[in-house]
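Fold and geometry: a report
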Amino acid sequence: MLNELGQKEALIVNVVDIFDFSGSLIPSLHRFVGNNPILLVGNKVDILPKSLKKTKMVQWMKERAYEAGLRPIEVLLTSAKKANEMKILLEKIEEHRKGRDVYIVGVTNVGKSTLINQIIKNTVGIKEVITTSQFPGTTLDKIEIPLEDGHYLIDTPGIIHRHQMAHYLGKKDLRIITPSKEIKPKVYQLNEGQTLFLGGLARFDFVKGHRSSFIAYVSNDIQLHRTKLEKADNFYKKHKGGLLQPPRLDEINIFPELVRFEFSVKEKTDIVFAGLGWITVTRPAVVSGWAPKGVHVLKRKALV
């Protein structure tokens, strides 16, 4: 279906999850769309802390998109749960489509179907039009929604991206890691040689530096646990699936091993755990982030 995009004359609306930007980018999308314009839409803006400057998030998304070869005509933040956000999105789509069809594309679990349902609800008044398959968050087939001028808004099936944290978790744990409301920052005073576990899903090590504040921006339902770095490996082996959840005890055998990424930080910086959130490092330090094999840990200039 992606191969069709370059043969059509259409506006491509690429929906991504702002909490899992790298995990929700479609690999090589720029090769499929031909000369068609792309409107990049970051979903779930409602869960971002109010202290975060939206312009910084938009700029960061734009830079990451360019690195991936995308040249969006505009980057927009929205929330599939907010009617007023849908109104703005519809206006932007109408502005950029210029009488063409509109294709909505995205990987699984970015909230694309929820977004389309909200568009239909706000324009036609029908609820829950789009169904999903047994795989969480995946639309069964492409769905064509007629527009007033005879063209269509087309919702395409969710594309499976194997480097998403969501693929390693069951439905219950998926609800835990996916924020449903504004995330509340959690502040920790750490000394050199201390570790924070984000449930059993990821790990943050303060390797070197002066005692300072670290601010975690993750789902309010994820429990964080502090321990000494020298004991962290044994602590993880002993408590994964128990004290350190998710993953649950019956899922730890299929959960990938954690892989380490080290960063030297010179200024206020976010260490981003794809699909989970981020930890802000407030002072110069050497830190490391651990995530399941295949899931990205990235460094960016602090957004807050």
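Residues numbered from 1 in each chain as written. Predicted model: local features only at pLDDT ≥ 70, side-chain atom pairs only at ≥ 80, totals over all residues. Heavy atoms only, no water.

**Structural notes on the environment of Phe 32**
Put simply, the rule is: For helices the rule is a DSSP run of H or I covering at least 4 residues; for strands it is a run of E covering at least 2, with both sets numbered from the N terminus onward. Exposure classes here rest on a 1.4 Å probe applied to the protein chains alone. A residue is buried below 20% of its type maximum, exposed above 50%, and partly exposed in between.
Examined against the element boundaries, Phe 32 turns out to sit in helix α3 (residues 29–32). Looking at Phe 32, the relative accessible area reads 24%, which means it is partly exposed. With 166 residues separating them in the primary sequence, Phe 32 and Leu 198 have C-alpha atoms 37 Å apart.

**Considerations on the packing of aromatic side chains**
Our working definition: Stacked, tilted and edge-to-face are the three classes applied to pairs of Phe, Tyr and Trp rings, where Trp contributes its six-membered ring and a pair requires centres within 6.5 Å; stacked means planes under 30 degrees apart, edge-to-face means over 60, and tilted covers the rest. In this scheme, the term charge over a ring applies when either NZ of a lysine or CZ of an arginine sits within 6 Å of the ring centre and within 35 degrees of the ring normal.
Summed over the entire model, instances satisfying the criterion amount to eight aromatic pairs. Judged by centre distance (5.7 Å) and plane angle (25°), the rings of Phe 197 and Phe 235 are stacked. Here Phe 235 lies in helix α8 (residues 232–239) and Phe 197 lies in strand β8 (residues 194–198), a separation of 38 residues in the sequence. The pair formed by Phe 197 and Phe 235 is uniform in burial state, with each residue classed as buried. Through a chain of ring-to-ring contacts, three or more aromatic side chains come together here, namely Phe 19, Tyr 217 and Trp 278. When the ring centre of Trp 60 is taken as origin, the NZ or CZ atom of Arg 300, which lies over that ring, is 4.6 Å away.

**Some details on helix α4 (residues 54–67)**
Using the following cut-off: Multiply 1.5 Å by the residue count of a helix minus one, and that product is the helix's expected span. This arc corresponds to the set of directions leading from the helix axis out to the C-beta atoms. When checking whether two residues touch, look at their non-hydrogen atoms; a contact exists if any pair is within 4.5 Å.
In this model α4 runs 20 Å from its N-terminal to its C-terminal C-alpha over 14 residues, within 8% of the 20 Å that 1.5 Å per residue would give. The complete set of buried residues in α4 reads Met 57, Val 58, Trp 60, Met 61, Arg 64 and Ala 65. Buried residues in α4, looked at end-on, bunch into an arc of 165°, giving them a common side. With respect to the buried face of α4, the exposed residues turned more than 90 degrees away are Thr 55 and Glu 67. Where α4 is buried, its residues contact β1 (10–17), α2 (21–24), β2 (38–43), β3 (74–77) and β16 (297–301). Phi turns positive, to about 90°, at Gly 69, one or two residues after α4.

**Section: the nonpolar core**
The condition is simple: Side-chain atoms within 4.5 Å are what join buried Ala, Val, Leu, Ile, Met, Phe, Trp, Tyr and Cys residues into a set we call a nonpolar core. The domain boundaries here were taken from an automatic or database domain assignment.
Judged by nonpolar contacts, the single largest core of 55 residues is most densely connected at Val 13, Leu 29, Leu 48, Met 57, Met 61 and Leu 89. Residue contributions to this core peak at six residues, all from β1. Taken together, domain 1 (1–155) and domain 2 (171–301) each give at least three residues to this core, which thus spans both. Here Leu 48 is in contact with Ile 18, Phe 19, Lys 54, Met 57, Glu 182 and Trp 278, once residues within four sequence places are set aside. Of all hydrophobic cores here, the second largest spans 39 residues; its members include Ala 166, Phe 214, Val 295 and Val 297.

**Examining the pairing of strand β13 (residues 269–273)**
In summary, the side chains of a regular strand alternate between the two faces of the sheet. Heads up, the condition is: Strands are treated as partners if at least two bridges between them are detected by DSSP.
In terms of burial, β13 is largely enclosed, as five of its five residues are buried. The alternating pattern of β13 places Thr 269, Ile 271 and Phe 273 on one face and Asp 270 and Val 272 on the opposite face, and all of these are buried. Relative to strand β14 (residues 277–281), β13 runs antiparallel, the two being bridged by five bridges. For Thr 269, the partnering residue across the bridge sits in β14 and is Val 281. The antiparallel hairpin formed by β13 and β14 contains three residues in its connecting segment, where Gly 275 sits at a positive phi of about 90°. The pairing of β13 with β16 spans five bridges and is antiparallel. For Asp 270, the partnering residue across the bridge sits in β16 and is Arg 300.

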